[in-house]
Amino acid sequence: MNKLFKDTPFFESLLAAGLPVGPLAERPWPTTREEAWRYTDLSGLAQARAHIPRRVEGTLPASVKALLPKDFQGVVLLNGIPVEALSSFEEETNQRTVQLSLSSSGSGSGDLFEAVNRSAGQAEVRVSVAKGADLSVPFYVIHIMNAVGEGALVCPRLVVNLAEGSRLRVVEMFLGHEVKGYVSIPVAELSLADGAGLDYVQVHDHPPVACHVGRVRVDGARDSQASVLTVTNGAAVFRQDLLCDIRGEGSTVSVNGLHALKGLRHADSHTEIRHHEPASRSEQLYKCVLDDEARSVFNGRIVVDQKAQKTNSYQLNKNLLLSPDARVDTKPQLEIHADDVRCTHGATIGRVNEEEIFYLQTRGIGREDARRLLVRAFMDDVISRLEDPGLREILSRKLKESYGF
Amino acid sequence: MLNVKDLHASVDGTAILKGLNLSVRAGEVHAIMGPNGSGKSTLSKIIAGNPQYSVDKGAVEYEGSTGTIDLLSLEPEERAREGVFLAFQYPVEVPGVQTALFLRAAYNAVCRHHGVEEMDPIDFDVFLHEKMKMLDMDDKFIDRAVNVDFSGGEKKRNEILQMAVLNPRLAILDETDSGLDIDSMKIVSAGVNKLRNRRNAMVVITHYQRLLNYIKPDIVHIFCQGRIVKSGGPELALEVEERGYDWLMK
């Protein structure tokens, strides 16, 4: 018999915390018997007794402060609650508005976790950019999880609306700080009007016992350009579903990711890109580095509607295994209903090239240093695509200082 | 500086070197010629420490910074830090590693080994550009990933640039002339000649006498079936060019 949401202690705990999850009771709880969750075991989450963290006073941890530009613009949330004293932005300029509110607990649309996110009714950050505005300074949304006690539930929501021809850079960070377990179930909704351009970067730094199930939706109109990058060190369970609807002709989405995993960490990226209109383009590059007993999953689905002729779609998943006990599952899924399209996909799984190591050694570079240099080069390939040099620097430091690569 | 004694070596169980003896002193340039498969490149790979080759018998002694050392007991990086350099016949492409960063990492690894202060990026940049000028190399070259999408000639020039940066005591040039047009060969040879001095030594492996017009050897050795079958002065190379190897293989 399939398990239902109401059968899980997790559901019980949400109900006990006063969340209106009643209508979700009969929803099925995902298990590894289901294709979409085959490699991501949520039985730990099912047992989690979640609680809603109370307001926690806090300062910006020094490690986070050191990472950010001095005059950063953005919102800082502690355990899902925006902290004005730590944030820094103008609510309204003639180019952009930023609204903070509680997410309306709407209907249970989307999958179970999107519905849980809504039911939680936690903070919503809404950024809207005016027609034609060009904002190249990144806007940061920083989630810091530092609640005491395990099982804190954090369900933030980010909504970005770009009006015609506008441009924006957004960096969303999920940082666990001196904390054990928590459950984060965030949703980001990014919508681009005609000719708009968005660079969206998600940076994760979770403790090994955290559980993160996130969702990103991208909706691109005609001639829009969306670029999404996810950089993660995984968690006990890390799952991201990224859904892109390309609804306009001539639009491009670039969806990239980096899993850099050690220990027993896990990261699962599911992407789904739907080309609805002709002559659009999508490109994906996911790179994964796995050490120890880490596990990485990539599932990339591309759907080309019948009328989406002249679609150009490219997908590549490259995996680097540093240990014999690491494991990768990778799967492309192409559903093409149009006949004049160009779709390519590929996946590679390999180890560090011994010939390259030897070459570096013959120049005096020690074996371990050589290996590290090559692993970093593999990862930098993803990061170097970012236009913003400050952001490249932040990610580079994160890889070294927090992820340990 | 280098003493190869009765060296027997194999790769994948196939014996390649069969009792090789070679002695190189500081200030000397030795040329090694010989037909394909005679073991020329194998010698270079064993000296550099390529793990794919196994030494079955014999010894390689080297005058290092602390006196005579058993070269074969050192890791490849330790040999490099002690001043052994191999210019690869087929330089390896290293995707994603910027040439400038690679060269500085290599240079500083050698500095650390000798307890010399490391060079910061700005000073290194000046130092590097001097060396590049010597080899008539384009500025953009060092921003590219090591050997990736380099032409054959660029790869070989990059090897000599690395040699110039690391300033080795013993350099082995493994068919550095292959893939070079005549102009490039002149530039590369001029670079090599500038690096030549009384304290270092070079072993130049080549198929063609032509290179030896530019890099003049003191001694020429002919390899055949894993051994040196004849040694002589520069005139030996000319003789081989004219007569081939057959007469030496009897």
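Worth saying up front: this structure is predicted, and the values here are computed from it rather than measured.

Caption draft 1: Up close: the pairing of strand β19 (residues 312-321) of chain A. All names here are of chain A. With 7 of 10 residues buried, β19 lies mostly within the body of the structure. Note that strand β17 (residues 281-290) and β19 share 10 bridges and pair parallel. Across the sheet, residue Leu-290 finds its bridge partner in β19, namely Leu-321. Here β19 pairs with strand β21 (residues 342-350) via 9 bridges, running parallel. Of the residues in β21, the one forming a bridge with Asn-319 is Ile-349.

Caption draft 2: Spotlight on the pattern of salt bridges. Under the definition given, this model contains 41 salt bridges over all chains. Of the charged contacts in the structure, one is a salt bridge between Arg-112 of chain B and Glu-118 of chain B, with a shortest N-O distance of 3.0 Å. For Arg-112 of chain B, a relative accessible area of 46% translates into the label partly exposed. Here the salt bridges do not stand alone but share partners, grouping Asp-111, Glu-114, Arg-215 and Arg-217 of chain A into one network.

Caption draft 3: Here's a closer look at the interface of chain A and chain B. With 16 residues of chain A at the interface, the matching set in chain B holds 33 residues. With both chains or domains summed, chain A and chain B bury close to 1800 Å², and 69% of this area falls on carbon and sulfur atoms. For the chain A face of the interface with chain B, the top three residues by lost area are Phe-358, Tyr-359 and Arg-363 of chain A, together amounting to 43%. A salt bridge links Arg-363 of chain A to Glu-159 of chain B; its shortest N-O distance comes to 2.6 Å. Put simply, chain A and chain B have 9 residue pairs in polar contact (both at pLDDT 80 or more) between them. When residues of the side of chain A that touches chain B are traced back to their parent elements, those giving at least two are α5 (354-361) and α6 (367-383) of chain A. If you tally residues by element for the side of chain A that touches chain B, the top one is α5 of chain A, at 6 residues. Looking at side-chain class alone, the side of chain A that touches chain B contains 7 nonpolar, 4 polar and 5 charged residues.

Caption draft 4: Focus on the sheet that holds strand β8 (residues 167-176) of chain A. Residues and elements named next belong to chain A. Pairing is mixed across the open sheet formed by 10 strands, whose spatial order is β2-β1-β5-β8-β11-β13-β15-β17-β19-β21. What marks the edges here is a single partner per strand, and that holds for β2 (81-82) and β21. In the sheet, strand β13 (residues 225-232) pairs with strand β15 (residues 252-261) via 8 bridges, with the strands oriented parallel. Paired with Val-231 across the bridge in β15 is Leu-258. Along the sheet face, helix α7 (residues 389-402) touches β5 (139-145), β8, β11 (197-205), β13 and β15 and points at about 15 degrees away from the line of β11.

Caption draft 5: How the structure looks around the packing of α5 of chain A against α6 of chain A. Residue and element names in this part refer to chain A. The N-to-C vectors of α5 and α6 enclose an angle of 125 degrees; their axes lie 9 Å apart at closest approach. As summarised for this structure, α5 and α6 are arranged oblique, according to the angle between their axes. In the crossing of α5 with α6, the sense of the turn from one axis to the other is right-handed. Facing Glu-354, Glu-356, Ile-357, Leu-360 and Gln-361 of α5, the residues of α6 in contact are Arg-367, Ala-370, Arg-371, Leu-373 and Leu-374. Among the residues making up the contact of α5 with α6, the classes are represented as 5 nonpolar, 1 polar and 4 charged.

Criteria and thresholds
- Residues numbered from 1 in each chain as written.
- Chains lettered and ligands numbered in written order.
- Predicted model: local features only at pLDDT ≥ 70, side-chain atom pairs only at ≥ 80, totals over all residues.
- Heavy atoms only, no water.
- Buried < 20%, exposed > 50% of the residue type's maximum accessible area, 1.4 Å probe, protein only.
- Helix = DSSP H or I, 4+ residues; strand = E, 2+ residues; numbered from the N terminus.
- Pairing = 2+ DSSP bridges.
- Salt bridge = Lys/Arg side-chain N within 4 Å of Asp/Glu carboxyl O.
- Contact = heavy atoms within 4.5 Å.
- Buried area = accessible area lost by both parts, 1.4 Å probe.
- Polar contact = N/O pair within 3.5 Å; in protein donor to acceptor, adjacent residues only side chain to side chain.
- Nonpolar A, V, L, I, M, F, W, Y, C, P; charged D, E, K, R; others polar.
- Axes fitted to C-alpha atoms, helices over the stretch in contact; angles between N-to-C directions.
- Parallel < 35°, antiparallel > 145°, perpendicular 65-115°, else oblique.
- Left-handed = near helix turned anticlockwise from the far one by under 90°.

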